[in-house]
Amino acid sequence: MSIAQGQIVNACIMKMSQKKINESIPSTTVFRKPGLLKSGHYTGETSFCGYLPSLEQPSVVLAEENFPTFAPIPKEPFIDTNDKLYLIDTYYDNMNPFYPLMPKQEVLSQLHNPKGSYLSPLFFYALFARAAHVETAGRLTTDNRSFQSLGAECMNYASTLVNYYKDKPRISTILALVIMTNHLEQEKKHQDLTKAWLWAGEAFRMALDLGIHRAVISTEANPTGQLCIRTFWLAYIADCTISMTYGRPSATEEKVL
């Protein structure tokens, strides 16, 4: 390599290095303004990922717009019984090995006994939305819709319905929040990242409020105790996983474990 070529290479390296410095500031000790990267990582004091320059970070206080307005609950999706059973089978084939909720027969029993069920409509619509998202056989519903379209309707309905289920802690609400959090995280839509993090934290706090982490309630000797144990650890895992993935603080306090 000639001297001239070496000078050109060095100039290119310096230019690329300068460009990289301008694009991000890697140290949290240098730049602490909170913000959100395109990857979904929170750029606050608890994060150690690269930061956007201040000119590219949106204002967190003074640039508010598009305030939400009251909207009625969307129409409840119609799901034929056979489609419900198919979605439950799909969920247990694809998701339950990773997120073990309860025996499938228990879910089916609660589905067929809605008046005496402890599993709410919110839980079932969250489960149907998640199952429809992982349905890969390409089947159509009994009314000739795609399951992906049905799943989107279920998720939209559950997302609105969940706000009405925060009046008191319920096992089914915690499970629904965990399922919906996982659904949003897998879709990885930038506009839903904050919602996924908030739902994960709410699920864990609701589990603490319900007290299912206490040994006097959650014993392994009975099915109810098993349900409490699984629900608590699912909420714990969801909160920790989402927080670590997005570089945000979790709601977990290890002293309660």
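The structure presented is a predicted model; accordingly, all values stated were derived computationally and were not measured.

Caption draft 1: Summary view of the packing of helix H4 (residues 121–133) against helix H6 (residues 171–187). Running from N to C, H4 and H6 point in directions that differ by 25 degrees, and their axes come no closer than 8 Å. The orientation of H4 with respect to H6, classified from their angle, is roughly parallel. Classified by chirality, the crossing of H6 by H4 is left-handed. Contacts between H4 and H6 involve Leu-122, Phe-123, Ala-126, Leu-127, Ala-129, Arg-130 and His-133 from the first element and Ser-172, Thr-173, Leu-175, Ala-176, Ile-179, Met-180, Asn-182, His-183, Gln-186 and Glu-187 from the second. Taken together, the residues of the contact of H4 with H6 break down into 9 nonpolar, 6 polar and 2 charged.

Caption draft 2: Focus on unusual backbone geometry. The backbone of Asn-144 sits at a positive phi, close to 65 degrees, despite the residue not being glycine. When you line up the elements, Asn-144 lands in the loop between H4 and helix H5 (147–161). Phi at Lys-188 is positive, roughly 55 degrees, even though this residue is not glycine. By the element assignment, Lys-188 lies in the loop between H6 and helix H7 (193–210). Overall, the relative accessible area of 54% leaves Lys-188 in the exposed class.

Caption draft 3: Structural view of the packing of aromatic side chains. The full count for this structure, using the stated rule, is 10 aromatic pairs. Ring geometry for Tyr-125 and Phe-128: centres 6.4 Å apart, planes at 90 degrees, overall edge-to-face. Of this pair, Tyr-125 and Phe-128 are both found in helix H4, 3 residues apart, which corresponds to roughly one turn of the helix. In this pair, the class of Tyr-125 matches that of Phe-128, namely buried. What links up through ring pairs into an aromatic cluster is the set Phe-123, Phe-124, Tyr-125, Phe-128 and Tyr-157. Seen from the ring of Tyr-86, Arg-139 lies directly overhead, with NZ or CZ sitting 3.8 Å from the centre.

Caption draft 4: Region of interest: the confidence of the model for the protein. Scored by pLDDT, the protein has a mean of 80; 71% of the residues are at 70 or more. Here residues 16–32 is a poorly scored stretch, pLDDT under 50, and it has 23 contacts once near neighbours within four places are set aside; other chains count. Note that residues 46–52 has pLDDT below 50 and, in this model, 33 contacts with residues that lie over four places away or in other chains.

Caption draft 5: Structural context of the nonpolar core. Ranked by internal contacts, the top residues of the largest apolar core, which has 62 residues, are Leu-101, Phe-128 and Met-180. For this core, the secondary structure elements donating two or more residues are helix H2 (81–94), helix H3 (104–111), H4, H5, H6, H7 and helix H8 (223–246). When near neighbours in sequence (up to four residues on either side) are disregarded, Phe-128 contacts Ile-79, Lys-84, Leu-87, Ile-88 and Cys-154.

Procedures and definitions
- Residues numbered from 1 in each chain as written.
- Predicted model: local features only at pLDDT ≥ 70, side-chain atom pairs only at ≥ 80, totals over all residues.
- Heavy atoms only, no water.
- Axes fitted to C-alpha atoms, helices over the stretch in contact; angles between N-to-C directions.
- Helix = DSSP H or I, 4+ residues; strand = E, 2+ residues; numbered from the N terminus.
- Parallel < 35°, antiparallel > 145°, perpendicular 65-115°, else oblique.
- Left-handed = near helix turned anticlockwise from the far one by under 90°.
- Contact = heavy atoms within 4.5 Å.
- Nonpolar A, V, L, I, M, F, W, Y, C, P; charged D, E, K, R; others polar.
- Buried < 20%, exposed > 50% of the residue type's maximum accessible area, 1.4 Å probe, protein only.
- Phe/Tyr/Trp six-rings, centres within 6.5 Å; stacked < 30°, edge-to-face > 60°.
- Lys NZ or Arg CZ within 6 Å of the ring centre and 35° of its normal.
- pLDDT = per-residue confidence, 0-100.
- Core = buried A, V, L, I, M, F, W, Y, C linked by side-chain atoms within 4.5 Å.

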